[in-house]
Amino acid sequence: MIMTESYLSIDHLHKEFPRRGDRPLNVLGDLDVHVEEGALLSILGPSGCGKSTLLNIINGLDDATTGEVRLAGRKVSTRTRSDVKIGVVFQQPRLLAWRTVRNNVALPLQEMGLPKDEIDDRVRRYLALVGLAEFADYYPLQLSGGMQQRVSLARGLAIEPDLLLADEPFSALDEFSARRLRQEFVRIWAETGKTILFVTHNIREAVFLSSRLLVITDRPARTYLDLPVTVPHPRKPEDDLLFELEKSVTEDFMRMEEQVRLEKEMTR
Ligand SMILES: Nc1ncnc2c1ncn2[C@@H]1O[C@H](COP(=O)(O)OP(=O)(O)OP(=O)(O)O)[C@@H](O)[C@H]1O
Ligand SMILES: [Mg+2]
């Protein structure tokens, strides 16, 4: 059998953080995930289980303790630069307070060395996409929290990345904006065929968006459930099939938490 390498391979990934006067904090257990190109993979897991840590390692911002991540055939580390264009939408907006909205979105495009016309065009398109066309000349602190998060989403999408790492990008938004942006997000994904890792706490959101869904356990994080979502796009948020799936994933999630709790009690 010929084994072709996945687009993103996470093998035996283990991450611990040293702690003063205590054993290291074991964050990622022994994580194995293989992601095919073009997937929209949602990652669900309890708060503090290591989802953001995982994205940081994939993005080359932090190194694993042991194990490895390979992206498009190359090992990822803090010391190597990937050929893959990676976009990130962090959990917090992380905008530069002294730059206007326009200049926040433009910054990574300038760093890519794009011509000015192209930058202007992308800034305009992606700000319009997140509903902020009129706020291009505002400073971040003149915007609401949800608006700042939308700027951060525009910045992440504007580089038109090959791989997008999105860390709860919609969780700070009101439900109506989130709904609209989810639909746009799926549309962009379907049009571009790029690979997306999408961390969320919202099971309904995960089910609505993803082509595949990963549930990971509490620290140390390992895979509990890895499930394809085959309902074709465009999906309706109120689709019965999606509701059924949401219900069963919610039950799985609760079962997982109970199991982890029991394991912790037994090892105490
Ligand atoms: N740089 C760091 N140094 C020490 N500990 C860290 C560091 N980064 C994260 N941790 C710890 O690792 C654990 C996992 O953190 P992480 O931010 O990855 O969780 P998460 O799954 O993204 O949680 P949430 O859903 O709440 O965002 C936490 O206990 C956190 O305190
Ligand atoms: Mg996080």
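Residues numbered from 1 in each chain as written. Chains lettered and ligands numbered in written order. Predicted model: local features only at pLDDT ≥ 70, side-chain atom pairs only at ≥ 80, totals over all residues. Heavy atoms only, no water.

Asker: Explain the sheet that holds strand β2 (residues 22–35) to me, please; I cannot follow it from the model alone.
Answerer: Each strand in a sheet pairs with another by means of backbone hydrogen bonds, the pair being arranged parallel or else antiparallel. Overall, antiparallel pairing links the four strands, which are arranged β2-β1-β4-β5 in an open sheet. Two strands in the sheet have a free side with no partner beyond their single neighbour: β2 and β5 (74–75). Summarising the sheet, strand β4 (residues 66–71) and β5 pair through two bridges and their orientation is antiparallel. The residue of β5 that forms the bridge with R70 is K75. (Pairing = 2+ DSSP bridges. Helix = DSSP H or I, 4+ residues; strand = E, 2+ residues; numbered from the N terminus.)

Asker: Please clarify how the sheet that holds strand β6 (residues 86–89) should be interpreted in this entry.
Answerer: Within the open sheet, the six strands sit side by side as β6-β7-β8-β3-β9-β10. Their pairing is mixed. On the outer flanks of this sheet lie β6 and β10 (223–228), each paired with one strand and no other. This sheet shows a mean twist of 15° between the axes of neighbouring strands, independent of strand direction. Bridge count for strand β7 (residues 163–167) against strand β8 (residues 195–199) is five bridges, and the pairing is parallel. Paired with L163 across the strands is T195, a residue of β8. The strands touched by helix α1 (residues 51–58) within the sheet are β3 (40–44), β6, β7, β8 and β9 (212–216), with β7 carrying the most contacts at an inclination of about 155°. Contacting β3, β9 and β10, helix α7 (residues 240–267) crosses the sheet at an angle of about 170° to β10. (Axes fitted to C-alpha atoms, helices over the stretch in contact; angles between N-to-C directions. Contact = heavy atoms within 4.5 Å.)

Asker: Looking at this structure, how should I read the domain arrangement of the protein chain?
Answerer: Interface size is often expressed as the accessible area that is lost when the parts come together. Under the domain assignment, the protein chain is made up of domain 1 (8–85 + 161–267) and domain 2 (95–159). Between the C-alpha centres of domain 1 and domain 2 there is a distance of 26 Å. Both faces considered, domain 1 and domain 2 share a buried interface measuring about 1100 Å² in area, 73% of it formed by carbon and sulfur atoms. The interface formed by domain 1 and domain 2 holds two residue pairs in polar contact (both at pLDDT 80 or more) in total. (Domains from an automatic or database assignment. Buried area = accessible area lost by both parts, 1.4 Å probe. Polar contact = N/O pair within 3.5 Å; in protein donor to acceptor, adjacent residues only side chain to side chain.)

Asker: How should I be thinking about the UniProt feature "domain: ABC transporter" (unreviewed entry) in the protein chain in this particular structure?
Answerer: UniProt feature "domain: ABC transporter" (unreviewed entry): in the numbering of this structure it lies at residues 8–243. In this annotation, residues 8–243 is assigned 32% helix and 27% strand; the end-to-end C-alpha distance for the span is 29 Å. (UniProt positions renumbered as here; feature names shortened; annotations may be inferred.)

Asker: When you look at the coordination of the magnesium ion (ligand 2) in this model, what are you seeing that I'm missing?
Answerer: The expected angle between donors at a tetrahedral four-coordinate metal is 109.5 degrees. At an octahedral six-coordinate metal it is 90 or 180 degrees. Every protein donor of the magnesium ion (ligand 2) is accounted for by S52 (OG) and Q91 (OE1), and the metal-donor separations fall at 2.1 to 2.5 Å. In this pair, S52 sits in helix α1 while Q91 sits in the loop between β6 and α2 (101–111), placing the two residues 39 residues apart along the sequence. By relative accessible area, S52 is classed as partly exposed at 27%. (Donors = N, O, S within 2.8 Å, 3.2 Å for Na, K, Ca; no water. Buried < 20%, exposed > 50% of the residue type's maximum accessible area, 1.4 Å probe, protein only.)

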